[in-house]
Amino acid sequence: MSVGLISLIVLGLAALGFFLGRQKALSSVKGDARLLHSLPSYYGWSVALFTAVPAMLVMIVWLFVQPTLLETQVASTIPAENIAASGNISLVMADVRRIADGLDLVAARAGLDEAGIDALRADFSDLRGRLAEVGVALGANVDGAILAAAKEYRTYSNSLRLGMSVVVLLAALIGAGFAWMRISPDLRARNLVEQFTMALLIGCSLIAVATTAGIIASLVFETWHFFQLYPAKDFFFSLTWNPQFRGGSDLGLWPLVWGTMYVSFISLVVAVPIGLMAAIYLSEYASPRMRATAKPLLEILAGIPSIVYGLFALVTVGPLLRDWIAGPLGLGNSSSSVMTAGLVMGIMLIPYVSSLSDDIINAVPQAMRDGSFGLGATQSETVKRVVIPAALPGIVGAILLAASRAIGETMIVVMGAGAAAQLSLNPFEAMTTVTVKIVSQLTGDTEFASPETLVAFALGLTLFCITLALNVLALVIVRKYREQYE
Amino acid sequence: MTDASLNPAAPKSLLTADARTRNRRAAEMRFRMIGLSAVLLGLVALVFLMVSILGNGVGAFRQTFVEIPVMLDPAALDKSGNRDVEQMKKVTTVGYGKLIEKALGAELVARNIDTQGLTSKDIMGLMSKEAPADLRNQVLANPDLLGQTITFNGFATSRVDGFFKGRVTMDSALRDSNISPEQLTVAQAMADAGLIEVKFNLSFLTAPDASELRPEAAGLGVAILGSAYMMLIVLALSLPIGVASSIYLEELAPKNKWTDMIEVNIANLAAVPAIVYGILALALFINFAGLPQSAPIVGGLVLTLMTLPTIIIATRAALKAVPPSIRDAALGVGASRMQAIFHHVLPLAMPGILTGTILGLARALGESAPLLLIGMVAFVKDYPAAPPEGLMQPATALPVQVYQWTQRSDPAFVERASGAIIVLLVFLLIMNAVAIILRRRFERRW
Amino acid sequence: MNDMRIVERTVSTDTAKMTARRAQVYYGDNHALKDVDVDILDKTVTAFIGPSGCGKSTFLRCLNRMNDTVASARVMGEIKLDGEDIYDKRVDPVVLRAKIGMVFQKPNPFPKSIYENVAYGPRIHGLARGKAELDAIVETSLKKAALWNEVKDRLDAPGTGLSGGQQQRLCIARAIATSPEVLLMDEPCSALDPIATAQVEELIDELRSQFSVVIVTHSMQQAARVSQRTAFFHLGHLVEYGETGQIFTNPKDPRTESYITGRIG
């Protein structure tokens, strides 16, 4: 039975449970609902919830555990020389999985039953050809041991699947029966349902915590793996980034951090003055009509996905800078450069800086402005000498948030900054950033367990820590600032 | 007024401005102008961005087609003669290609077009390599066509397409191994004779991706489908979970360290870089839970996690906007807290929640970085099946398709990537418009 | 009303510092102030009294064109300072406000040091030629505001850290640092406790020797205590204007009498 079908059955049982529960409650008081503790539908709900929720939970847990169980069980049957031949157990297992899936397809096409599949032999039934026919292309002929493992995989996964169906449906039935038995006019069904709902609500709000935990756990775990294979000292202190396919890579963090910082710096140099001045103009000078048009228009920039900016950098800004500035000045001939990415990212951050600053400038009490105007200050003097100093902590917070975004931005730098890891001061040269290398190391062809791939997790952890620190700092500053005027 | 220093150097009369006042007015004017130019600079950037994308991408919706009559010769296409589709599949695209080549040559002769001494193979080079496959699919779908002469509408190659859109010139053709000036001359003659036409190309929206050598045939079908699947998952998961956790945090949770931690946590999650979510998805969903790569289910799950904080923040704001008097009124007639929330507060907050959800979805639709890491950059030519099985099959997504096309060398793909961006932006525009309408229509001021 | 002491004071001059003729104010379509004619005398404390929403604060804000900062406000009629129309096109409100200082209802020191608060006005108007002069201005102003002894050792401390009454005196010091000719005060004591109120009132009386002071107040006792002349506003009209003693003891208009005796307001 497929997961979808099981879910449908469980939901059907829950619906049935609802009606039966409601029915039982009503009949226990001979149809006079006033004698019940709660409204009749709460009795129905209590049964439905007891039917569906435990069963679904069991299914989710099972689905998560099943692959691991399956892998360990099957992996133990594969002979050591097969693993040695492929170099890595995970590669062998990938083959096993594909062959097992292929066998299903072959069986479906040729109308084979289980016995027929068992009878398939690697050596004389041209398995590779038959698998290719159903769309499973293999690099080599199927090895006997692998085929055996694949067959084992099929049977075991089928029995696990069956086991899951049985356990889940059983859980649903037991839950339903338990809840149904408990129904009596005195049962506080509403309280029961509400407690259940409360548990569900709490569970949902814990998902956010679980996400954070998941992020930290996966980053730390794989980074630890990485440091088993590659010395942490070299990662943190080496000034070269030079990954090799055949090992012996230099995986120094600094060229990437330099590129990241350089791009972010340029983007802030673009975004902060423009965003801040735009916010000042819109909140202090602009007529209500201008404000009502210009503000949403600027905010469109914030709603545009970063891939759009990436394309803009790649096809428009990059060539433009190269042909009109970098080329004539002899500063470089690469269309992807720190300047390209920084400039485009700056445009992306303008609305971010301006709307955050706008909020913060508006939070400065009007009394401050009145005080200054009352002394005969012009509007610009009021802004420069009273409003901005008063709003400074908040604005610093906004800039920190913008910086954290710039550092974590991926698509613009992937498409606009280039891939050359170097420590250079020339902004018209291609450089690379932490995020670019996370993408390239994780989408490359190197095997997963190599330091060249795992370094992406160490980079991810670095990125996570930097942005987290900036965000927390910014939040603390902004929160303090708001308290000042509340 | 004994203190001399307190005597202002101000003008005796209000009506005449002294030098200092004039300077201050000028400074005021300058500051104002700087502010105005900052706003204008931002708007100019927006316009420049839009014009650049639109200018590059509009061409993708129009495509150059070669329109010729082709005689579908049963002798070549169905050797057994019994119209059995399985048998007819034995004839590969090469067979269809020859048929088109012949028809093309004959048509040129009939129209009296000078072939500039080109071989018929060179003439065939004007047509996309996708054209024979197209014809083959048409015939296999409808074997009765055999023996008839049909008007076949085939893609021209991207070079010919570029020639009619101005991307390829006679000069560039001289240096191009894929096209020669003579071929372009013939193409121009064919266009003059009405055999080549640039027209609206629906298959850009519906066809799957095509290989590096056939940009003219590449379409967004699989990407749109994949994005739709992911949005479905995001909506189905993040709305209920987001609303549930907001209800708990906003209405029910006690104010203590534990709930405070959850709140700080959500605020921080909203600012975690997208790429980090990609790493999480790779480690958790693919490596640990063993879900398939490139599958919409994984993309949907990771986008759900990313969208949750947005939805929670929007929902909490919507719940907060419902005045406490509503809760008090419900509690006052003896409703339980849950009843007050689910019967009164939640329905009143619903427009705000939906607006926030749509905006969250729009953000998720444009997200690409995490999808790169879970293998959605793969080249996928087959449409995924209908859900639920389709959720586990390989697909791409709109923004990732854009990225993938930019990584290819043929400049024709830049046009297609920009076209795909236009499609993406249209979807975002629609979603935002719906959100704004919802807000306008149902917004309630207490 | 029995604690109302009318202090007999002589009005020192009879020269009009500011004159208003048929002054009107509209907020959008709302006609907030109608046909106000007032002469504000030099070196005199003038009190504006009246119930909430009567237009007294609105009129005060017309006198230094603070209403310019409210987008929907329109002022018509004629208001003159020393015979010059302050709503003339050639008048820069910035220069005007340097001559007509203002103190607000709630103390609003800038989030800067005490010194910087007082030095703000002289700095933007360029009144001091060097640090020594600025120091002198700050000291004189703080002394005039009767705050010098309390803060002279902590001029670098933030102005927001002072008590409410001290903050308001700081705001007064800030306003007189630009040597205004008229000082407008918009309910300056409404956010203060009685002791701080007494200090500020005492200060107002001293300031009279140098400026013309206009004070809007909600409290009739305060008007009686500090002012020499009183104007009573009601529903956007100036109902009665005259010597404080006469207004409180012998009002000509029945509405003034009703207000003073507590029947309206």
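Only a predicted model underlies this, so the values are computations on that prediction, with no experimental measurement involved.

Calculation rules
- Residues numbered from 1 in each chain as written.
- Chains lettered and ligands numbered in written order.
- Predicted model: local features only at pLDDT ≥ 70, side-chain atom pairs only at ≥ 80, totals over all residues.
- Heavy atoms only, no water.
- Helix = DSSP H or I, 4+ residues; strand = E, 2+ residues; numbered from the N terminus.
- Rg over C-alpha atoms; globule rule 2.2 N^0.38 Å.
- Buried < 20%, exposed > 50% of the residue type's maximum accessible area, 1.4 Å probe, protein only.
- Areas by Shrake-Rupley, 256 points an atom, 1.4 Å probe, with all protein chains shown as cover.
- Lys, Arg positive; Asp, Glu negative; His and termini not counted.
- Charge placed at Lys NZ, Arg CZ, Asp CG, Glu CD.
- Contact = heavy atoms within 4.5 Å.
- 1 Å grid on protein atoms, 1.4 Å probe; cavity = no way out; pocket = protein on both sides within 12 Å on 5 of 7 lines; lining within 4 Å.
- Points joined across faces, edges and corners; volume = space filled by probe spheres on them.
- Nonpolar A, V, L, I, M, F, W, Y, C, P; charged D, E, K, R; others polar.
- Disulfide = S-S within 2.5 Å.
- Pairing = 2+ DSSP bridges.
- Axes fitted to C-alpha atoms, helices over the stretch in contact; angles between N-to-C directions.
- Core = buried A, V, L, I, M, F, W, Y, C linked by side-chain atoms within 4.5 Å.
- Domains from an automatic or database assignment.
- Salt bridge = Lys/Arg side-chain N within 4 Å of Asp/Glu carboxyl O.
- Buried area = accessible area lost by both parts, 1.4 Å probe.
- Polar contact = N/O pair within 3.5 Å; in protein donor to acceptor, adjacent residues only side chain to side chain.
- Parallel < 35°, antiparallel > 145°, perpendicular 65-115°, else oblique.
- Left-handed = near helix turned anticlockwise from the far one by under 90°.

**Q** Would you take a moment to explain the overall build of chain A for this structure?
**A** Scanning chain A for helices and strands turns up 18 helices and two strands. Rg of the C-alpha trace for chain A: 31 Å, well past the compact-globule value of 23 Å for 486 residues, more than 25% over. Along the first, second and third principal axes, the C-alpha atoms of chain A reach 90 × 75 × 40 Å. Buried residues in chain A amount to 50% of all 486 residues. Total accessible area on chain A stands at roughly 21600 Å², and carbon and sulfur atoms take up 65% of it. Treating the 30 positive side-chain charges of chain A as one cloud and the 33 negative ones as another, the clouds have centres 10 Å apart.

**Q** Sorry, what's going on with the overall build of chain C here?
**A** Helix and strand counts for chain C come out as ten helices and ten strands. Relative to the compact-globule value of 18 Å for 265 residues, chain C shows a C-alpha radius of gyration of 18 Å, a close match. Overall size of chain C, expressed as C-alpha extent along the three principal axes, is 55 × 45 × 35 Å. Across the 265 residues in chain C, those meeting the buried criterion constitute 58%. For chain C, the proportion of contacts with a sequence separation of at least 24, taken over those separated by at least 6, is 68%.

**Q** I'm lost on empty space enclosed by the protein in this one. Help?
**A** All names here are of chain A. Evaluated as defined, the whole model comprises two cavities of 30 Å³ or more. When its volume is computed, the largest cavity comes out at roughly 40 Å³. Surrounding the largest cavity, A278, A279, L282, K295, S354, S355 and D358 form its lining. Taken together, the elements giving at least two residues each to the lining of the largest cavity come down to helix 10 (254-285) and helix 13 (338-363). Here the lining of the largest cavity is composed, by residue class, of three nonpolar, two polar and two charged.

**Q** Even after reading the chapter, I still don't get the state of the cysteines, so can you show me in this structure?
**A** Two cysteines whose sulfur atoms are joined by a covalent bond form what is called a disulfide. All names here are of chain C. If you walk through the whole model with that rule in mind, you get zero disulfides over all chains. Cysteine C62 is unpaired, with the sulfur of C54 as its nearest cysteine sulfur at 13 Å. Judged by relative accessible area, C62 falls into the buried class, the value being 0%. Of the cysteine sulfurs around C189, a residue in no disulfide, the closest is that of C171, at 12 Å.

**Q** Would you explain the sheet that holds strand 3 (residues 196-200) of chain B in this entry?
**A** Within a beta sheet, neighbouring strands are joined by backbone hydrogen bonds and run either parallel or antiparallel to one another. Residue and element names in this part refer to chain B. Read from one edge to the other, the open sheet built from three strands follows the order 2-1-3, with strand pairing classed as antiparallel. One side of each edge strand has no neighbouring strand; the edge strands of this open sheet are strand 2 (149-155) and strand 3. Pairs of neighbouring strands in the sheet enclose a mean axial angle of 40 degrees, with direction left out of account. Direction of pairing for strand 1 (residues 62-71) relative to strand 2: antiparallel, over a ladder of seven bridges. Bridging from a neighbouring strand, V66 pairs with G154 of strand 2. Along the sheet, helix 7 (residues 158-165) contacts strand 1 and strand 3; its crossing angle with strand 1, the most-contacted strand, is approximately 125 degrees.

**Q** Would you mind showing me how to read the nonpolar core here?
**A** Here is a general trend for soluble globular proteins: nonpolar side chains tend to be buried in one another's company. In this structure, I215(A), I307(A), Y309(A), I438(A), L459(A) and L142(C) are the most contacted members of the largest nonpolar core, which totals 241 residues. Of all hydrophobic cores here, the second largest spans 40 residues; its members include Y96(B), I150(B), V168(B) and I196(B).

**Q** I tried to follow the domain arrangement of chain A on my own but got confused; where do I start?
**A** One frequent convention defines the size of an interface as the accessible area lost when the parts assemble. Partitioning chain A into domains gives domain 1 (3-187) and domain 2 (241-485). Once you take the C-alpha centre of each, domain 1 of chain A and domain 2 of chain A turn out to be 47 Å apart.

**Q** Which parts of the structure should I look at to understand the side chain of N268(B)?
**A** Take N268(B): it is sitting in helix 12 (residues 257-269). Since its relative accessible area comes to 9%, N268(B) is described here as buried. Not counting residues within four places of it along the chain, the set of residues in contact with N268(B) comprises L468(A), N471(A), V472(A) and L475(A).

**Q** I tried to follow the pattern of salt bridges on my own but got confused; where do I start?
**A** Side chains that carry opposite charge are capable of pairing whenever their charged atoms lie near each other. All names here are of chain A. One pass over the full model with this rule turns up 38 salt bridges over all chains. Here D358 makes a salt bridge to R291, at a shortest N to O gap of 3.3 Å. Here R291 lies in helix 11 (residues 288-303) and D358 lies in helix 13, a separation of 67 residues in the sequence. Take R291: its relative accessible area is 25%, and that puts it in the partly exposed class.

**Q** How should I be thinking about the interface of chain A and chain B in this particular structure?
**A** Listed by partner, the interface residues are 81 residues for chain A and 72 residues for chain B. When chain A packs against chain B, close to 6600 Å² is buried across both sides, 78% of that on carbon and sulfur atoms. Considering only the surface of chain A that becomes buried against chain B, L201(A), Y281(A) and L311(A) emerge as the three largest contributors, covering 9% of it. At the surface where chain A touches chain B, the tally comes to one salt bridge. With a shortest N-O distance of 2.8 Å, E381(A) and R24(B) are connected by a salt bridge. For the pair chain A and chain B, the number of links is 13 residue pairs in polar contact (both at pLDDT 80 or more).

**Q** Is there a simple way to think about unusual backbone geometry in this case?
**A** Glycine aside, negative phi is the norm for most residues, and most peptide bonds take the trans geometry. Residue and element names in this part refer to chain C. Even without being a glycine, R65 presents a positive backbone phi close to 55 degrees. Inspection of the secondary structure puts R65 in the loop between helix 1 (56-63) and strand 4 (73-81). The phi torsion at E187 lies on the positive side, around 45 degrees, for a residue other than glycine. Looking at the element boundaries, E187 is found in the loop between strand 7 (182-186) and helix 7 (194-207). For E187, a relative accessible area of 12% corresponds to the buried category.

**Q** Even after reading the chapter, I still don't get the pairing of strand 2 (residues 30-41) of chain C, so can you show me in this structure?
**A** The two faces of a sheet get side chains in turn, since along a regular strand they alternate between them. Residue and element names in this part refer to chain C. Sheet analysis places strand 1 (residues 16-27) next to strand 2, joined by eight bridges and oriented antiparallel. Bridge pairing in strand 2 places A16 opposite L41. Hairpin remark: strand 1 followed by strand 2, antiparallel, with two residues in the connecting loop; positive phi at G28, about 65 degrees.

**Q** What's the story with the interface of chain A and chain C in this structure? I'm lost.
**A** Between chain A and chain C, the contact holds 18 residues from the first and 23 residues from the second. Taken together, the links from chain A to chain C amount to zero salt bridges. Viewed at the interface, chain C and chain A are joined by four residue pairs in polar contact (both at pLDDT 80 or more). Only helix 14 (366-374) and helix 15 (379-408) of chain A provide two or more residues apiece to the side of chain A that touches chain C. Per-element accounting of the side of chain A that touches chain C gives the leading share, seven residues, to helix 14 of chain A. Broken down by class, the residue content of the side of chain A that touches chain C amounts to eight nonpolar, seven polar and three charged.

**Q** Hey, could you run me through the packing of helix 6 (residues 164-176) of chain C against helix 7 of chain C in this one?
**A** Each packed pair of helices is defined by two parameters, the angle between the axes and the distance between the axes. Residues and elements named next belong to chain C. At a minimum axis separation of 9 Å, helix 6 and helix 7 run at an interaxial angle of 20 degrees. In terms of their interaxial angle, helix 6 and helix 7 are classed as roughly parallel. Seen along the crossing, helix 6 lies across helix 7 with a hand that is right-handed. Within the contact between the two elements, helix 6 uses G165, R169, I172 and I176 and helix 7 uses A196, Q199, V200, L203 and L207. Tallied by class, residues from the contact of helix 6 with helix 7 come to six nonpolar, two polar and one charged.

**Q** Got a minute to help me understand the packing of helix 10 of chain A against helix 11 of chain A in this structure?
**A** Residues and elements named next belong to chain A. Packing of helix 10 against helix 11 brings their axes to within 9 Å, and their N-to-C directions diverge by 155 degrees. Looking at the two axes, helix 10 sits roughly antiparallel to helix 11. Viewed along their axes, helix 10 and helix 11 form a crossing whose handedness is left-handed. Of the residues in helix 11, those touching helix 10 at A278, Y281, L282 and S283 are M290, R291, A294, K295 and L298. Classifying every residue of the contact of helix 10 with helix 11 gives six nonpolar, one polar and two charged.

**Q** What exactly am I supposed to notice about the environment of P273(B) here?
**A** Assignment of secondary structure puts P273(B) in the loop between helix 12 and helix 13 (274-288). When its relative accessible area of 6% is taken as the criterion, P273(B) is described as buried. In sequence terms P273(B) and A369(B) are 96 residues apart; their C-alpha atoms lie 9.3 Å from each other. Setting aside anything within four residues of it in sequence, one finds P273(B) in contact with G408(A), L463(A) and T467(A).

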